[in-house]
Amino acid sequence: MRLIIMGPPGAGKGTQARFIADHFGIPAISTGDIFRANVSEGTPLGVEAKRYMDAGEYVPDEITNRMVRNRIDEPDAAHGFLLDGYPRTVAQVEELDGMINFTGHQLDAVLCLVVDKDEVVKRLLQRAQTEGRADDTEDVIRRRQEVYLEQTSPLIEVYKERGLLVEVDGLGDVDEVTKRIFDALDVVPES
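Cut-offs used in this document
- Each chain carries its own residue numbering, running from 1 in the written order of its sequence.
- With the structure being a predicted model, the display of local features is reserved for residues of pLDDT at least 70 and the display and counting of side-chain atom pairs for 80 or more, all residues being used for whole-chain, interface and lining totals.
- Excluded from the side-chain calculations are hydrogens and water; all other atoms, namely the structure's heavy atoms, are used.
- Whether two strands pair depends on DSSP finding at least two bridges between them.
- Strands are runs of DSSP state E lasting at least 2 residues, helices are runs of H or I lasting at least 4, and numbering of each runs from the N terminus.
- The axes used here are C-alpha line fits, helices contributing only the stretch in contact, and every angle between their N-to-C directions lies in the interval 0 to 180 degrees.
- Here, a salt bridge means any side-chain nitrogen of Lys or Arg that lies within 4 Å of a carboxyl oxygen of Asp or Glu.
- Exposure classes here rest on a 1.4 Å probe applied to the protein chains alone. A residue is buried below 20% of its type maximum, exposed above 50%, and partly exposed in between.
- Any angle from 65 to 115 degrees is called roughly perpendicular, while one under 35 is roughly parallel, one over 145 is roughly antiparallel, and all others are oblique.
- The contact criterion used is simple: two residues touch if any of their non-hydrogen atoms lie within 4.5 Å.
- What makes a nonpolar core is a set of buried Ala, Val, Leu, Ile, Met, Phe, Trp, Tyr and Cys residues whose side-chain atoms join them at distances within 4.5 Å.

Q: Got a minute to help me understand the sheet that holds strand β4 (residues 109–114) in this structure?
A: Sheet strands line up and pair through hydrogen bonds in the backbone, either parallel or antiparallel. What the five strands build is an open sheet, ordered β2-β3-β1-β4-β5; its pairing is parallel. Both edges of this open sheet fall to β2 (28–30) and β5 (165–169), since each of them pairs with a single strand only. Between one strand and the next, the sheet's axes are offset by a mean angle of 25 degrees, whatever the strand orientation. As paired elements, β4 and β5 share five bridges and run parallel to each other. Within β5, the residue paired with L111 across the bridge is V166.

Q: Hey, could you run me through the pattern of salt bridges in this one?
A: Between side chains of opposite charge, pairing is possible as soon as their charged atoms come close. Tallied over the entire structure, the rule returns 15 salt bridges. Where D33 meets R36, a salt bridge forms, and the shortest distance between an N and an O atom there is 2.8 Å. Of this pair, D33 and R36 both sit in helix α2 (residues 31–41), three residues apart, which is roughly one turn of the helix. In this structure, D76 and R71 form a salt bridge, with 2.8 Å as the shortest nitrogen-oxygen distance. Looking at D76, the relative accessible area reads 42%, which means it is partly exposed.

Q: I would appreciate a short explanation of the packing of α2 against helix α4 (residues 61–72) in the present structure.
A: Across the interface, α2 lies against α4 with an axial gap of 10 Å and an inter-helix angle of 95 degrees. Accordingly, the angle class assigned to the pair α2 and α4 is roughly perpendicular. Contact residues: α2 offers T31, I34, F35 and N38, while α4 offers T64, M67, V68 and R71.

Q: Is there a simple way to explain the nonpolar core in this structure?
A: Note on soluble globular proteins: their nonpolar side chains tend to be buried together. Counting residues in hydrophobic clusters, the biggest one holds 29 residues, and the most contacted among them are I4, I72, L83, L96, V110 and Y159. Among the secondary structure elements, those contributing two or more residues to this core are β1 (2–6), α2, α3 (44–54), α4, β3 (81–84), α5 (90–102), β4 and α7 (138–161). Ignoring any residue separated from it by four or fewer positions in sequence, one finds L83 in contact with L3, I4, I5, I29, V68, I72 and L96. The next biggest cluster of nonpolar side chains, apart from the first, holds 24 residues, and it includes I20, V168, V177 and F182.

Encoded structure:
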């Protein structure tokens, strides 16, 4: 299975990504993890990315694309993967298409966790209190939600037009959401 998971901050992507990866026997690949690994290992791409990250800027598509390409070329991703945090732009969608097509496969599905914005804000505020995240104020959380919508709505439309979008209600008990995801994905044919 070659999958992408999308959803606003706080939708439970990280939690569900682990279950999905285990279920299909594929690696869950987070761009945040890829960035951190490259930076900590001091790879040439990591050194380049760190300059942008230290300045508080987005890592340019060119660097991000190369990191993702390198990661999905690793042996554990030969039979599939779950991407979290990539693609973030329409240009990255096209780049990913090329990466996957090169292997003779195609993207199987794009899972989008659909959640109520106010419910997610409440969830993130609770998490901020329990984890002591003083910077996660309601204003900051709501702004992140807006940025997500602005940046990802074009991608959601692209994947909807291609017939790859699988929307799942992301609210409720973790096990309930996981069951909904498996029910939706277990009928998707693998490339």
